[in-house]
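# A look at the structure
Residues per chain are reported as follows:
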Amino acid sequence: MSKATLHIVNNLTRQKEVFTPINDGFVGMYVCGPTVYSDVHLGNCRTFVSFDIMYRYLLYLGYKVRYVRNITDVGHLLDDGEDRMAKGAKAEQLQPMEVAQKYANGFHHMMQIFNTKRPSIEPRATGHIIEQIEMVQQIIDNGFGYEANGSVYFDTLAYAKEHPYGELSGRVIDELKAESRDLKKQGDKKHPSDFAIWMKADDSHIMKWESPWSLGFPGWHLECSAMSTKYLGETFDIHGGGNDLKFPHHENEIAQNKASCGCTPARYWVHTNMLLMNGKKMSKSDGNTITPQQLFSGESEHITKGYSPMVVKFFMLQCHYNSTLDLTDGGLQAAEKGYYKLMDAYRALTQLTSTSESGSDDEKLNGMLDTVVTEMSDDFNTPKALAKLFELVTEVNKYKENISDIRNVGSDTLDKMKKIFFDFLFDIFGLTEPGQEGNSDKLDGLMSLVIDLRAQARDQKDWPTSDLIRDQLAELNIVIKDGKDGTNWTVKNS
RNA sequence: GGUCGCGUGGCCGAGUGGCUAGGCAGAGGUCUGCAAAACCUCGUACGGCGGUUCGAGUCCGUCCGCGACCUCCA
């Protein structure tokens, strides 16, 4: 099967480019993972779902992909300079590593709920202190870092003489200087735009390591530079993360890599956009927030009911990863219906059979099927791919209802249609069928018995009995639909 | 204030120079014991103003509104 050429919007060049991996057939992808100091944020879920779909699509295209997603368990400072991990530990009276484990577990559980694939490698910052110290030393040796009072800073001015600093985020060093007027706050730094790559720990710090400069800990940006180099090489294909990480995190990551080895770490920089709620940033302080659990259970003032993880995922898929997505109750309700419509059509499609070698509808259907792939290859455009699938849903339903004649579809075309639907819904989008876990053989047998009994009642025009069965089943989230060719049933998730 | 981005029909959300996005909701119809589902038909939208162009939602300018980021161990 010929796959369309993959195009990716590269934030480094701000252009849509043809994706060409460094090594033919192989892709190295690094995505900045979560800092595990509290429960995973719904916005994080969107980011990692988006990259999971890119990962899955690259696999679908036949690439051998090494997908590295780190876990940050040290070095990510808060505004007040306190380590996020240390703060979490203090608040819960736990060891920092206990905090990291607790929330890493929670994060993994949530990723499982959203049915994302595990990365190939999931390195932790604390497990790569040696690599980070080595990188700091290299940066110093190359003349791009300096020590002051036990801490080491990245010398952005020295760096800017040889490399452009700010190429990813569009920032200019002079402007950064102008912004930071309070020189008292600059401490040991030579220039306001310099940033710490090793920090000396004070006595109260729990997480600290020996280094040539001090007992301390690495700067936040350093871990990704060190770990991506270790597992993907000095230059790899794709680097991803939320677009809030563009500056300073990714900008500094690029600077560190260039300063240590002289090369740009990744060729394609991809950023996911933010998830809003009711048009505004999710924020705990003003109450405009919802946890994934609340979203699933419906226990929140922002929604009228609970939505299953797959409905939430489908909702995310209807929006391109590069656009802000506004989470609203109305939007979720629409997504829920769309998701069931798509899944119902998929099930109907699997029931269709054709004995024709070829048919008059083949050309049209093949064209639509190819477009699904083309759209997805255009910067992972899930909403456009979904739109095409929905056009095919209409065609499938016409065959199901005998409005169109299935004999006009060749068996090869029908097989291709089944394959594209299966590949996109399950392999690429990573959706699961609603109520799948409950559909055992016994339930199937039981339901066909119930439906037979109800059919007898209907034959005798015993509508009260017929409706009673339907209503009682509805209470159990089993929905009955009387079609021309008999009665179908589906289990709804929520 | 600076950097980046956004503003599309009732709602969500694609599209980036001429071609139907799609989903949900709504109206009418087919089918039907009723309901649901499914199918058909229907909305002709692109923040305001100005400009470029044969032609702009799509490019440029400007204004308005919205969002993200603007780190440093104080």
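All of these numbers come straight from a predicted model, not from anything done at the bench. Here the residue index of a chain counts from 1 through its sequence in written order. The lettering of chains begins at A and the numbering of ligands begins at 1, in the order of writing. The predicted origin of the model limits local features to residues at a pLDDT of at least 70 and limits the giving and counting of side-chain atom pairs to 80 or more, whereas totals for whole chains, interfaces and linings rest on all residues. Hydrogens are left out, water is left out, and the side-chain values use all remaining heavy atoms of the structure.

### With respect to the protein's contact with RNA strand B
As a reminder, the rule being used: By convention in this text, a residue qualifies as near a molecule or strand provided that one of its non-hydrogen atoms is within 4 Å of it. Whenever two N or O atoms come within 3.5 Å, that pair is a polar contact, provided that in protein one can donate a hydrogen and the other can accept it, and provided that, for residues adjacent in sequence, both atoms are side-chain atoms. Note on conventions: DSSP H or I runs of at least 4 residues are helices, E runs of at least 2 residues are strands, and numbering of each starts at the N terminus.
Contacts to RNA strand B come from 56 residues, most closely from Tyr153, Lys189, Pro192, Met199 and Lys281. Across the atoms of RNA strand B situated within 4 Å of the protein, the share located in sugar and phosphate is 60%. A distance of 3.1 Å separates a phosphate oxygen of RNA strand B from a polar atom in the side chain of serine 323. The side chain of arginine 470 places a nitrogen or oxygen atom 2.8 Å from a base nitrogen of RNA strand B. The set of elements that each furnish at least two residues to the surface near RNA strand B consists of helix H6 (173-179), strand S7 (195-200), helix H8 (246-261), strand S13 (325-327), helix H11 (329-351), helix H13 (382-400), helix H16 (463-475) and strand S14 (478-483). When residues in the surface near RNA strand B are grouped by element, the largest group, eight residues, is from H13.

### Some details on the sheet that holds S7
Operational definition: Only strands joined by at least two bridges in the DSSP assignment are considered to pair. Think of each axis as a best-fit line through the C-alpha atoms, taken over the contacting stretch in the case of a helix, with angles from 0 to 180 degrees between the N-to-C directions.
Spatially, four strands are ordered S5-S6-S7-S8 in an open sheet, and the strand pairing comes out antiparallel. Here the strands that pair on one side only, and so sit at the sheet edges, are strand S5 (145-148) and strand S8 (216-218). Across the sheet, the mean angle from the axis of one strand to that of its neighbour is 20 degrees, orientation sign disregarded. The sheet contact formed by S5 and strand S6 (residues 151-154) spans four bridges and is antiparallel.

### Section: the packing of aromatic side chains
Applied cut-off: Classification of ring pairs rests on two measures: the distance between centres of Phe, Tyr or Trp rings, Trp counted by its six-membered ring, which must be within 6.5 Å, and the angle between planes, read as stacked under 30 degrees, edge-to-face over 60 and tilted in between. Each residue's exposure class comes from its accessible area (1.4 Å probe, protein chains only) as a fraction of the maximum for that residue type: buried when under 20%, exposed when over 50%, partly exposed otherwise. By the criterion adopted, a ring carries a charge over it if an Arg CZ or a Lys NZ lies within 6 Å of its centre and within 35 degrees of its normal.
With the rule as written, the count across this model stands at 22 aromatic pairs. For the pair tyrosine 57 and phenylalanine 424, a centre-to-centre distance of 6.4 Å together with 55 degrees between the ring planes defines the contact as tilted. Here tyrosine 57 is found in helix H1 (residues 42-60), whereas its partner phenylalanine 424 is found in helix H14 (residues 411-428), with 367 residues between them in sequence. We note that tyrosine 57, like phenylalanine 424, is buried. Look at phenylalanine 144 and tyrosine 159: their rings are 5.9 Å apart centre to centre, the planes differ by 80 degrees, and that puts the pair in the edge-to-face class. Of this pair, phenylalanine 144 sits in the loop between helix H4 (129-141) and S5 while tyrosine 159 is found in helix H5 (residues 156-162), placing the two residues 15 residues apart along the sequence. By way of ring pairs, the aromatic residues Tyr57, Tyr60, Phe380, Phe424 and Phe429 are connected into one cluster. The ring of phenylalanine 48 is capped by arginine 69, whose NZ or CZ atom sits 5.4 Å from the centre of that ring.

### Re helix H7 (residues 220-232)
In plain terms, the rule: Any helix carries an expected span of 1.5 Å times its number of residues minus one.
Here H7 contains 13 residues, and its C-alpha end-to-end distance of 19 Å stays within 8% of the 18 Å for a straight helix at 1.5 Å per residue. The element H7 is extensively covered by neighbouring structure, given that ten of its 13 residues are classed as buried. Positive backbone phi, approximately 95 degrees, marks glycine 233, located one or two places after H7.

### Details of the sheet that holds strand S12 (residues 280-281)
The mixed open sheet is built from three strands, whose spatial order is S12-S11-S13. Looking along the sheet, the strands with just one partner apiece sit at the ends: S12 and S13. Bridge count between strand S11 (residues 275-277) and S13: three bridges; the pairing is parallel. Each residue of the ladder has a partner; that of leucine 276, found in S13, is aspartate 326.

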